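Analysis of the macromolecular model
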Protein chains: 2
Amino acid sequence: VVYDRLAASVLPCDLPASTEIHSVGKEARHHPVTQEDINALLLRLAGEGKRVVRLKGGDPYVFGRGGEEAEALVEAGIPFEVVPAVTAGVAVPAYAGIPVTHRRETVRVTLVTAHEAVKSGGPQVRWDLLARDPHATLLGYMGVTSLPNVVEKLLAAGMAPQTPAALIERGTTPAQRIAAGTVAELPRLAATRKIRPPALFVIGPTVQHMARLNWLEQLPLFGERLLFGAPVGKMGEALARQGAEILEVPLPLRPAARIALGAGPLTGCVLRDPDEVDALDEERDGPGWSSETTAWCLCPRTAARARSLGWPRIVELPDGSDGAALAQALAEARRR
Amino acid sequence: VVYDRLAASVLPCDLPASTEIHSVGKEARHHPVTQEDINALLLRLAGEGKRVVRLKGGDPYVFGRGGEEAEALVEAGIPFEVVPAVTAGVAVPAYAGIPVTHRRETVRVTLVTAHEAVKSGGPQVRWDLLARDPHATLLGYMGVTSLPNVVEKLLAAGMAPQTPAALIERGTTPAQRIAAGTVAELPRLAATRKIRPPALFVIGPTVQHMARLNWLEQLPLFGERLLFGAPVGKMGEALARQGAEILEVPLPLRPAARIALGAGPLTGCVLRDPDEVDALDEERDGPGWSSETTAWCLCPRTAARARSLGWPRIVELPDGSDGAALAQALAEARRR
């Protein structure tokens, strides 16, 4: 498995320890591995007769340079298939409550990446053309650093300053944060809210619907990112339905699971018995964990074990606690 | 489950017979159920305390009117979540071998739906603006009837007539068919090839990569759509890897499976034993089946049973045939 940094969170936690995992960490302002290196790695692994999965954040052909990788494979005579995926421009607005099209408001959706174009010195986005059609939604990848410049160009080319707009950080995840207002004020709002990459901007009339359709952040457990020993069963489902992100992780942890856990802060860890405490005790120094990670112990014996090992934040639930009891305890802790 | 016509092919074949299934068949030039009726149906089912899945073809917010449905739910105080999906504008080019972005060729991807806009009398696509940026990919939903008119407008507004372009019918499926050439000649090519809805057009410089990256149609079993009694196991996997679409169907058939089978022509049906022949014998009049549907019988006893029941096209394989033997027989039959 050859994965991008933004794909770390979706590495399957049950990937066997025998699977080779290669990070080729692409990230905004941070390209430690060149595209040529990635192509060469794919050819080398395939040449060794391995079955290779190239795991990308988003869709491979939407600003993902998948075309270059596929061409390298064709040249080397290596068969492949392409699995399309939900690109950020579709997924992030859906989770934020923005329909990118809406009858009689928009007949066009445009995806752009301002950042790459400016950097490469190649063809540039024609902001002047994009500014002149009010019945459209404009979706900007890697939008944080470029936003002030983009907005200046759009307004100069005649876009109405009152056009609704939003900048969404880590959309679809428990760490989702949104700055929203008019396109003219968005750069200032984004700076005030300290929105950081990765982020997507959305500009267009349909952004106004977010006020009513922003369903994710309304869920009682939105923001929770919980480790849960496999199998999660009905308890995990109950928490997920209330908005928590559940990482279902076979114990002991495998290497892929450690990478996935580290893709964001763990707000908590659900522990059913003392064995689970033991299995995770040596993991607590790893990426994703912090002194803020709460141990939700589903019986007194489990809590006693966590206390004896010095876990920092422990909540003890009574014997026989179910998913509903845990969800309630989580919701209460969040209100405090 | 409330599903659109274009989502029929992804109805889970193992959906329990007790699940209510409602068709609200949206299709090009064919809207038997109005949007208001769909909204009312969702409210009624949710009001009865049911858990409702609104299954759409593609992404709910990309030309899917999901925003209107979500707003109806908000007004009625009914909680919901939105599951984004791979929209046709991303999936279809990926399967056809067109990277919708490519470094130094495109910095913009635009999705439009010409058909709906013209029909509604609402805001229209600004083809004049879209025509004036060569570093872009233009993806047109419901593109068959509108294509000649769209191309005329693009060329009139200054798009280079040599711009590569393709019209793709039933992309990603075994029935995928492609007309490709320059944008100026595409309407004529599409008419000659008799491309029919549903289809997507792709216009832009990256279409030229299709000649090398069109991986799906190169697979030896591309075009096969095979019914396979669950569980398919390794044999089904082997066929899928070679490009066949496998419908894994618990026997006896459930209502959802009948709908999914009927979403396209079945080229074949893999039969492991006489019981499977019996289970499917009364289904052969249903949607998807035809006199062209081949019965691939994995042992002489199974073939004998199919013959005794009058199945039209039977291929008998020797006892102990595995996935590789079946794949080879399929490939041979296709060469003839």
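Residues numbered from 1 in each chain as written. Chains lettered and ligands numbered in written order. Predicted model: local features only at pLDDT ≥ 70, side-chain atom pairs only at ≥ 80, totals over all residues. Heavy atoms only, no water.

Glancing now at the overall build of chain A. Broken down by element type, chain A carries 13 helices and 13 strands. If one aligns the C-alpha atoms of chain A with their principal axes, the spans along those axes are about 65 × 55 × 30 Å. Sorting the 336 residues of chain A into buried and exposed places 52% on the buried side. Summarising the internal contacts of chain A: among those between residues at least 6 apart in sequence, 64% fall at separations of at least 24. Accessible surface, chain A: about 14600 Å² in total, of which carbon and sulfur atoms supply 52%. In chain A, 37 side chains carry a positive charge and 38 a negative one; their mean positions are 6 Å apart. (Helix = DSSP H or I, 4+ residues; strand = E, 2+ residues; numbered from the N terminus. Buried < 20%, exposed > 50% of the residue type's maximum accessible area, 1.4 Å probe, protein only. Contact = heavy atoms within 4.5 Å. Areas by Shrake-Rupley, 256 points an atom, 1.4 Å probe, with all protein chains shown as cover. Lys, Arg positive; Asp, Glu negative; His and termini not counted. Charge placed at Lys NZ, Arg CZ, Asp CG, Glu CD.)

Our next topic: the pairing of strand β6 (residues 164–169) of chain B. All names here are of chain B. For β6, the buried fraction is high: five of the six residues fall into the buried class. Here β6 pairs with strand β7 (residues 177–182) via six bridges, running antiparallel. From the neighbouring strand, E169 faces β7, where its bridge partner is R177. Both β6 and strand β8 (residues 199–203) contribute to a ladder of five bridges, which runs antiparallel. Note on β8: the bridge partner recorded for E169 is A199. (Pairing = 2+ DSSP bridges.)

All right, on to the pairing of strand β11 (residues 268–271) of chain A then. Residues and elements named next belong to chain A. Side chains of β11 alternate between two faces, with G268 and V270 and C269 and L271 buried alike. Bridge analysis of β11 against strand β12 (residues 294–297) gives four bridges, and the strand direction is parallel. Residue L271 lies in a different strand from β12, and its bridge partner there is C297. Between the parallel elements β11 and β12, the chain passes through helix α11 (residues 274–281) in a crossover that is right-handed. (Right-handed = clockwise from strand over helix to strand, strands pointing away.)

With 34 residues, the main nonpolar core has I98(A), I168(A), I98(B) and I168(B) as its most contacted residues. Residues contacting I168(A), with those up to four places away along its chain left out, are V92(A), A96(A), I98(A), Q176(A), R177(A), I178(A), P198(A), A199(A), L200(A) and V202(A). Counting residues in each nonpolar core, the second largest holds 24 residues, with V125(A), L138(A), M159(A) and A165(A) among its members. (Core = buried A, V, L, I, M, F, W, Y, C linked by side-chain atoms within 4.5 Å.)

With glycine set apart, most residues show a phi of negative sign, and most peptide bonds adopt trans. Here the residue pair A230(A) and P231(A) is connected by a cis peptide bond, since its omega of -5° sits within 30 degrees of zero. Relative to the assigned elements, P231(A) resides in the loop between β9 (225–229) and α9 (233–241). At R104(A), a position not held by glycine, the phi torsion is positive, near 70°. Examined against the element boundaries, R104(A) turns out to sit in the loop between α3 (88–96) and β4 (108–113). The backbone of K194(B) shows a phi angle near 55°, a positive value even though the residue is not glycine.

As used in these notes, a disulfide is a covalent bond between sulfur atoms, one from each of two cysteines. A complete count under the given rule lists zero disulfides over all chains for this structure. Cysteine C297(A) remains unbridged, with the sulfur of C299(A) as its closest cysteine sulfur at 7.7 Å. C269(B) takes part in no disulfide bond, and the closest cysteine sulfur to it belongs to C297(B), at a distance of 7.9 Å. Under the relative-accessibility criterion, C269(B) is labelled buried at 0%. (Disulfide = S-S within 2.5 Å.)

The three strands are arranged β2-β1-β3 (chain B) in an open sheet whose pairing can be described as parallel. Two strands close off the open sheet at either side, each with one partner strand: β2 (22–23) and β3 (54–55) of chain B.

Okay, the relation of the copies chain B and chain A next. Once turned by 180° and shifted 0.0 Å along the axis, chain B lies on chain A with an RMSD of 0.0 Å. These values place the two chain copies in the arrangement generated by a two-fold rotation axis. A share of 100% of the interface residues of chain B reappears at the interface of chain A, consistent with the copies meeting face to face through the same patch. (Least-squares fit on C-alpha atoms with pLDDT ≥ 70 in both.)

Between chain B and chain A, the residue contacts involve 57 residues of the former and 57 residues of the latter. Together, the buried faces of chain B and chain A total about 5200 Å²; carbon and sulfur atoms form 63% of this surface. Ranking the residues of chain B by area buried against chain A places Y61(B), V107(B) and R212(B) at the top, with a combined share of 13%. Counting every contact that joins chain B to chain A gives two salt bridges. Ionic pairing is found between R212(B) and E75(A), a salt bridge with its closest N-O pair at 3.5 Å. Linking chain B with chain A are 13 residue pairs in polar contact (both at pLDDT 80 or more), by the criterion used here. Of all elements in the fold, only α2 (66–75), α3 (88–96), β4 (108–113), α4 (114–120), α5 (127–130) and α8 (210–213) of chain B reach the threshold of two or more residues within the side of chain B that touches chain A. (Buried area = accessible area lost by both parts, 1.4 Å probe. Salt bridge = Lys/Arg side-chain N within 4 Å of Asp/Glu carboxyl O. Polar contact = N/O pair within 3.5 Å; in protein donor to acceptor, adjacent residues only side chain to side chain.)

Glancing now at the sheet that holds β4(A). What the 10 strands build is an open sheet, ordered β7(A)-β6(A)-β8(A)-β5(A)-β4(A)-β4(B)-β5(B)-β8(B)-β6(B)-β7(B); its pairing is mixed. Of all the strands in the sheet, the pair left with one neighbour each is β7 (177–182) of chain A together with β7 of chain B. Taking the axes of each pair of neighbouring strands and ignoring which way they run, one obtains an average angle of 15° across the sheet. As paired strands, strand β5 (residues 136–141) of chain A and strand β8 (residues 199–203) of chain A are joined by four bridges and run antiparallel to one another. For Y141(A), the partnering residue across the bridge sits in β8(A) and is L200(A). Across the face of the sheet, α3(A) comes into contact with β4, β5, β6 (164–169), β7 and β8 of chain A while running at roughly 75° to β8(A). (Axes fitted to C-alpha atoms, helices over the stretch in contact; angles between N-to-C directions.)

Residues and elements named next belong to chain B. Where helix α12 (residues 300–308) is concerned, the buried positions are T302, A303 and A306. Viewed end-on, α12 has its buried residues packed into an arc of 100°, placing them on one side of the element. For α12, the exposed residues lying more than 90 degrees away from the buried face are R301 and S308. Elements in contact with the buried residues of α12: β11 (268–271), α11 (274–281), β12 (294–297) and β13 (313–316). Taken from the residues just after α12, G310 is the one with a positive phi, measuring 80°. (Arc of directions from axis to C-beta.)

Attention now goes to the pattern of salt bridges. Side chains that differ in sign of charge can pair as their charged atoms come close. Inspection of the entire model under this criterion finds 40 salt bridges over all chains. Salt-bridge contacts for R177(A) lead to E169(A); the nearest nitrogen and oxygen are separated by 2.7 Å. Here E69(B) makes a salt bridge to K56(B), at a shortest N to O gap of 3.1 Å. Here E69(B) is found in helix α2, whereas its partner K56(B) is found in the loop between β3 and α2, with 13 residues between them in sequence. Since its relative accessible area comes to 10%, K56(B) is described here as buried. It is possible to trace a salt-bridge network through shared partners that takes in D4(A), R54(A), K56(A) and E69(A).

Residues and elements named next belong to chain B. Counting buried positions along α3 gives seven out of nine residues, so the element sits mostly inside the fold. Taken as a whole, α3 has its buried residues at G89, V90, A91, V92, P93, A94 and A96. Packed against the buried residues of α3 are β4, β5 (136–141), β6, β7, β8 and α8. Following α3 by one or two positions, G97 adopts a phi angle in the positive range, close to 90°.

Here we come to the environment of Q176(B). All names here are of chain B. Considering the arrangement of structural elements, one finds Q176 in the loop between β6 and β7. You can call Q176 buried: its relative accessible area is 4%. Along the sequence, Q176 and I246 sit 70 residues apart, while their C-alpha atoms lie 16 Å from each other. Ignoring anything within four residues of it in the chain, the contact list for Q176 reads Y95, A96, I168, E169, R170, G171, N214, L216, E217 and F222.

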